[in-house]
Amino acid sequence: SLVPDLAALRADFPLLDREIDGHPVVYLDSGATSQKPRIVLDAEREFLERENAAVHRGAHTLAAEATIRFEDAREAVAGFVGAPAEQLVWTSGATAGLNLLAYGIGNATAGRGGAASAHLALRPGDEIVVTEAEHHANLIPWQELAARTGAVVRAIPVHDDGTLDLDAARALIGPRTRVVAFTHVSNVLGIVNPVAELVALAHGVGALAVLDACQSAPHLPLDLPALGVDAAVFSGHKMLGPYGVGALYGTAELLEALPPFLTGGSMITTVTLEGAEYLPPPQRFEAGTQPVSQAVALAAAARYLDGIGMARVRDHEHELERRLRDGLREIPGVRLLGDADVERVGLASFDVAGVHAHDVGQYLDARGIAVRVGHHCAQPLHRRFGVTATVRASTHVYNTSADVDALVEGVAGVRAFFGADA
Ligand code: PMP
C-alpha cells in the first residue's frame with residue numbers, strides 16, 4: 001500500500017473494529033458517508049468540554065476562545081482547499097451550499113441585492129447548464145431557480161463510458177448560459193470530470209462555474225482558486241469530519257455580489273423595524289447559530305488528511321479503484337457503469353444481471369460487507385444507463401486491498417446464490 005502503515009491508520013477509526021454478524025466489517029460505503037478517526041471525535045468533545053460558548057458575541061473569556069477556535073477552523077478548512085478564510089462560508093453541507101447559491105441568484109433576480117447584484121439576475125430564457133451525472137442536490141435547486149425565474153435547465157450528456165460529451169457541452173454552452181453547475185467527481189461513476197475545460201467554456205460566455213466538490217474534496221488534493229471556479233461546495237461528513245457541517249467556497253467577487261439566502265441573527269450590522277444592513281461575506285451567509293463544535297472537528301479532519309497527504313490518499317484509492325474494477329469486470333453478468341480509463345476516485349457502481357441491487361446488498365451485508373444500493377440520488381443518470389438501481393462500492397484512505405478482494409469475491413457468488421445462472 002502507498003499508505004506507510006495502513007494497520008496503524010485503521011486503528012485510528014473505532015468503527016472499523018466492528019463485527020457484523022460475526023464478520024469483521026468491510027466498509028465500502030464512504031461515498032455515502034465516511035468513518036471518523038478518534039482525533040476528530042476528540043476535537044469536538046474537547047471543544048465542548050473546555051471552550052464551548054457563543055462565538056462572535058459576549059465579552060467573556062470562553063466566548064473569545066470559542067471565537068478564535070471557530071475562526072481558526074475556518075482558516076484550516078479553507079486552507080485545505082487552497083482558499084483564504086474569508087472566502088469560506090460554513091454551511092450544513094453541500095446541499096445547503098448549492099441552495100444558498102441558487103436562492104442567492106434568485107434573490108438577485110428579484111432585485112434584492114440592488115445594483116451590485118444586478119449582473120447575477122436571470123431573465124426568462126437564460127440557461128443553467130448541468131450534467132446528466134448530477135446528484136439531485138446539484139440539480140433540483142437549479143430546477144427550482146429556473147421555475148422561479150423563467151430560466152431553462154439544460155444537461156450535458158454522458159457517453160456510454162461515463163465521460164462527459166464535451167462536444168455536446170461546447171454546443172450547449174452559449175450566449176444564454178448564465179450558470180454551469182457540475183460535479184467534480186460523479187458519486188455514481190467515480191470519474192473525475194475535466195474541470196478546466198468546463199470552467200473555460202463557462203467563462204468563455206460569461207457564465208458562473210459552480211463545482212460540486214462533495215466527492216472530490218475527501219479524496220483528491222484540491223486547490224479551488226487554481227481550478228478557477230466561481231463557487232464550490234463540499235460536506236464534512238464525507239471527509240472524515242462530522243455531520244451537519246460543510247462549506248461553500250466562492251470568489252471574493254461572487255460572494256461580494258451575492259444576496260443572502262437565509263437571514264436573521266449574526267449576519268447584520270444595523271437592523272430597524274423597516275430593514276437591515278448586512279455584514280460582508282462570509283458572515284453575510286451565516287445567519288443564525290453556526291455548527292461551531294462541528295467546524296472545529298472538521299478542521300481536525302482536514303489536518304488529519306493533510307497529515308497523511310492528499311496525494312497519498314488519492315494514489316492509495318487509485319490502487320484500490322483499479323483492483324476493484326479489474327475484479328468486478330471479470331465476473332460474468334456484472335456490468336460496470338461508466339468504465340472509462342480516465343482519472344477516477346475509489347468508487348464504482350455496477351449491476352448484476354438477473355439479481356436486484358437490493359438483493360446483492362443483502363447478500364453482501366450477510367458477509368459483513370457494507371455497500372450502497374439504489375439510485376444514489378442520481379435518477380437521471382441511472383435512467384440514461386437503462387437501470388433503476390445499482391450497487392455502489394466506494395473507498396476511503398482506510399480501506400485495504402483485502403476489503404476490495406472481499407467485495408469482489410462476494411459479488412462473484414451472487415448470481416449462483418440467487419439462481420441467476422440458469
Ligand atoms: N453532491 C454529491 C456528488 C454527493 O455525492 C452528495 C452526497 N451523496 C451531495 C452532493 C449531497 O451532500 P450532502 O447530503 O452532504 O449535502
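Let me begin by describing the structure that accompanies this report. Everything numeric here is computed off the predicted structure, so don't read it as measured data.

1. As for the overall build of the protein chain
Part 1 of the argument: A tally of regular secondary structure across the protein chain gives 15 helices and 17 strands.
Part 2 of the argument: A compact globule built from 422 residues would reach a C-alpha radius of gyration of about 22 Å, and the protein chain, at 22 Å, matches this within 12%.
Part 3 of the argument: Sorting the 422 residues of the protein chain into buried and exposed places 56% on the buried side.
Part 4 of the argument: Across the protein chain, the fraction of contacts at a sequence separation of at least 24, relative to all contacts at a separation of at least 6, is 71%.
Part 5 of the argument: Total accessible area computed for the protein chain in this model is approximately 16900 Å², and 52% of it derives from carbon and sulfur atoms.
Part 6 of the argument: Looking at the protein chain, you have 33 positive and 51 negative side-chain charges, and the mean spots of the two groups are 3 Å apart.

2. Some points on the packing of aromatic side chains
Part 1 of the argument: Following the criterion strictly, the structure yields seven aromatic pairs and no others.
Part 2 of the argument: Clustering of aromatic rings is evident, with ring pairs tying together F13, Y304 and Y398.
Part 3 of the argument: Above the plane of the ring of Y103 lies R148, whose end atom (NZ or CZ) is 4.2 Å from the centre.
Part 4 of the argument: Sitting above the plane of the F385 ring, R384 keeps its charged end 4.5 Å from the centroid.

3. Notes on the pattern of salt bridges
Pairs may arise between side chains of opposite charge once their charged atoms sit close together.
Part 1 of the argument: What the rule picks out here adds up to 24 salt bridges.
Part 2 of the argument: In this structure, R314 and D315 form a salt bridge, with 3.1 Å as the shortest nitrogen-oxygen distance.
Part 3 of the argument: Overall, the relative accessible area of 30% leaves R314 in the partly exposed class.
Part 4 of the argument: Between E321 and R344 there is a salt bridge whose closest N-O contact spans 3.8 Å. Placement of E321 in helix α11 (residues 310–329) and of R344 in the loop between β13 (334–336) and β14 (347–352) is noted, with a sequence separation of 23 residues between them. An identical accessibility class is assigned to E321 and R344; each is buried.
Part 5 of the argument: Taken together, the salt bridges that share partners define one network made up of E321, R325, D326, R329, D339, D341 and R344.

4. Things to note about the layout of surface pockets
Part 1 of the argument: In this model, the largest pocket occupies a volume close to 240 Å³.
Part 2 of the argument: Lining the largest pocket are 15 residues; nearest its centre among them are W90, T91, S92, L262 and F285.
Part 3 of the argument: By residue class, the composition of the lining of the largest pocket is nine nonpolar, five polar and one charged.

5. Describing the packing of helix α4 (residues 94–109) against helix α5 (residues 140–149)
Part 1 of the argument: Where α4 contacts α5, the axes come no closer than 9 Å and their chain directions differ by 10 degrees. The angle between α4 and α5 falls in the class roughly parallel. Counted together, L98, N99, L101, A102, Y103, I105, G106 and T109 of α4 and P141, W142, L145, R148 and T149 of α5 form the full contact between these two elements.
Part 2 of the argument: Here the residues of the contact of α4 with α5 are counted per class, giving eight nonpolar, four polar and one charged.

Rules behind the numbers
Each chain carries its own residue numbering, running from 1 in the direction its sequence is written. Whole-chain, interface and lining totals are the exception, using all residues; otherwise, since this is a predicted model, local features are given only for residues with pLDDT of at least 70 and side-chain atom pairs are given and counted only at 80 or more. Each side-chain value is worked out from all heavy atoms of the structure, with water and hydrogens disregarded. Put simply, DSSP H or I for four residues or longer makes a helix, DSSP E for two residues or longer makes a strand, and each gets a number counted from the N terminus. Restricting the calculation to C-alpha atoms gives the radius of gyration, and the globule rule supplies 2.2 Å times the number of residues raised to the power 0.38. For every residue, the accessible area obtained with a 1.4 Å probe (protein chains only) is divided by the maximum for its type, and the residue is called buried under 20%, exposed over 50%, and partly exposed between those limits. What makes two residues a contact is simply this: any of their non-hydrogen atoms within 4.5 Å. Exposure was quantified through the Shrake-Rupley algorithm and a 1.4 Å probe, taking into account, for residues, occlusion by the shown protein chains and nothing else. Counted charges follow a simple rule, with Lys and Arg positive, Asp and Glu negative, and His plus the chain ends left uncounted. Taken as the charge location is NZ of Lys, CZ of Arg, CG of Asp or CD of Glu. Any two rings among Phe, Tyr and Trp, with Trp reduced to its six-membered ring, count as a pair given centres within 6.5 Å; such a pair is stacked if its planes are under 30 degrees apart, edge-to-face if over 60, and tilted if neither. We call a charge positioned above a ring when the Lys NZ or Arg CZ atom is no farther than 6 Å from the ring centre and deviates by at most 35 degrees from the ring normal. Criterion for a salt bridge: a side-chain nitrogen of Lys or Arg within 4 Å of a carboxyl oxygen of Asp or Glu. For cavity detection a 1 Å grid was placed over the protein atoms alone, and a set of points counts as a cavity when a 1.4 Å probe fits there but cannot get out; an open set counts as a pocket when protein lies on both sides within 12 Å along at least five of seven lines, with lining residues being those that have an atom within 4 Å of a point. Grid points are joined across faces, edges and corners, and a volume is the space filled by probe spheres set on the points. Think of it as three bins: nonpolar holds Ala, Val, Leu, Ile, Met, Phe, Trp, Tyr, Cys and Pro, charged holds Asp, Glu, Lys and Arg, and polar takes everything else, Gly as well. Orientation is described by axes fitted as lines to C-alpha atoms, over the contacting stretch for helices, and by angles from 0 to 180 degrees between their N-to-C directions. By definition in this entry, angles of less than 35 degrees are roughly parallel, angles greater than 145 are roughly antiparallel, angles of 65 to 115 are roughly perpendicular, and the rest are oblique.

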